[in-house]
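Overview (structure and organization)
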There are 2 protein chains.
Amino acid sequence: MSNLINISEAASLALHGLVLIAKNQPLRMNVKVLAEELNASQTHLAKVFQKLSKAGLVKSLRGPAGGFELNNLAEDITFLEIYEIIDGKVTLGACPFGKIHCVFQSCMFDNELNRISTDIYNTFKQIKLSDFSKKE
Amino acid sequence: MSNLINISEAASLALHGLVLIAKNQPLRMNVKVLAEELNASQTHLAKVFQKLSKAGLVKSLRGPAGGFELNNLAEDITFLEIYEIIDGKVTLGACPFGKIHCVFQSCMFDNELNRISTDIYNTFKQIKLSDFSKKE
DNA sequence: TCTATTTAGGTACTTAAATTCCGAAATAGG
DNA sequence: CCTATTTCGGAATTTAAGTACCTAAATAGA
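Structure report, in brief.

Rules of the game
Counting restarts for each chain: residues are numbered from 1 in the order of the written sequence. Each chain is given a letter, starting from A, and each ligand a number, starting from 1, according to the order in which they appear as written. For a predicted model such as this one, the threshold for reporting local features is a pLDDT of at least 70, and the threshold for listing and counting side-chain atom pairs is 80 or more; totals across whole chains, interfaces and linings nevertheless cover every residue. To get the side-chain values, all heavy atoms of the structure are used, and hydrogens and water are removed first. Any two residues whose heavy atoms approach within 4.5 Å are treated as being in contact. Simply put, the buried area is the total loss of 1.4 Å probe accessible area from both parts when two parts are fitted together. Each reported salt bridge corresponds to a side-chain nitrogen of Lys or Arg within 4 Å of a carboxyl oxygen of Asp or Glu. Here a residue is near a molecule or strand as soon as one of its heavy atoms is found within 4 Å of it. Under the rule applied, a polar contact is a pair of N or O atoms within 3.5 Å (in protein, one hydrogen donor and one hydrogen acceptor; residues adjacent in sequence only if both atoms are side-chain atoms). Burial status follows relative accessibility: with a 1.4 Å probe on protein chains alone, a residue under 20% of its type maximum counts as buried, one over 50% as exposed, and anything between as partly exposed. Strands here mean DSSP runs of E at least two residues long; helices mean DSSP runs of H or I at least four residues long; both are numbered from the N terminus.

Looking now at the interface of chain B and chain A. How big an interface is tends to be expressed through the accessible area that disappears when the partners come together. The interface of chain B with chain A comprises 48 residues on the first partner and 49 residues on the second. Roughly 4,500 Å² is buried in total at the junction of chain B and chain A, and carbon and sulfur atoms are behind 62% of that figure. Summed over the three residues of chain B that lose the most area to chain A, namely L4, F104 and M108 of chain B, the buried surface amounts to 17% of that side. Here chain B and chain A share two salt bridges between them. Among the ionic pairs, R115 of chain A bridges to D119 of chain B, the shortest N-O distance being 2.4 Å.

Our next topic: the protein's contact with DNA strand C. Surveying the vicinity of DNA strand C reveals 22 residues, the closest of which are S41 and H44 of chain A together with Q50, S60 and R62 of chain B. Counted by atom, the contact set of DNA strand C within 4 Å of the protein is 67% sugar and phosphate. A distance of 3.5 Å separates a sugar or linking oxygen of DNA strand C from a polar atom in the backbone of P64 of chain A. One of the side-chain nitrogen or oxygen atoms of Q50 of chain B is found 2.7 Å away from a base nitrogen of DNA strand C.

Let's shift gears to the pattern of salt bridges. Going through the model one piece at a time under the given rule, you end up with 10 salt bridges over all chains. A salt bridge links E84 of chain B to K89 of chain B; its shortest N-O distance comes to 3.5 Å. K89 of chain B gets classed as exposed once you look at its relative accessible area, which sits at 58%. For E112 of chain B, the salt bridge identified is with R115 of chain B, shortest N-O distance 3.0 Å. Taken together, the residues E112 of chain B and R115 of chain B, both in helix 5 (residues 112-126) and three residues apart, mark about one turn of the helix. On the basis of relative accessible area, E112 of chain B is assigned to the partly exposed category, the value being 28%. Each of R28, K59 and E69 of chain A takes part in one network of salt bridges that share partners.

The structure is reproduced here in structure tokens:
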């Protein structure tokens, strides 16, 4: 079984966790509760949120009653930004196989895969945290 | 750096190798030559072609002057078939994160990701080996 | 029939990414 | 202060993909 679109478990956790926090504003949430609500690995979620914290998306507070809360402008953060923090920067227009030199004259996929990558990119870019905190 | 569409090096080798063989018909090609032309790992290519051979896409012949050649109908093979042999069967319509139960009422991506997955799927399905053997 | 060539296929190794573990640091509350 | 809670961050582990290695089997050609 294979997934055509490349989203890591970590990026999924980041998105879902952030949505929960956004919905729960202005109260903060800690990793334990988040993991329970998401039915996810607590340790993994913790690591993911360390990255989000370093990247400035969330503010972390240690100690009892600690946890994570959204930073000021994070409501309007896009999934693309979250995705790139976790899975790495996306570069469009490159060879879909990551090659610099191709054996063939023209790409076997014409520009179909670049077209689709751009589609994914734009979809990721359209999705904002604020969309969800209202939605549910 | 991250690739939005999920294609393994192995699947890439399979496709590119098969195209070379298709172009070179009716002569067969061996792993060494293929690897040189593709600038790729000989051992990896060999493993990939073992899979293709088992799956019936190519016929293998051992010994000197041996190598691989397309099976009768392989000219009209689609990239989807190649992809699934190497990277595994694709299932459309499932949760983009591989979850069975979601915490949220509606999918955060609506059906955007399923739409795109179907797009990729159909693109993979349209691409035939025969398209390339003529093209170049 | 012998030899060199070439794929088959099992196992083991390497590497990178993803995930987990654990001790350290911070802090709220008693 | 002291203690329990919680994040931090480095280290260790696991997993998956890719690579290497080796022996066996097939076969063309001398």
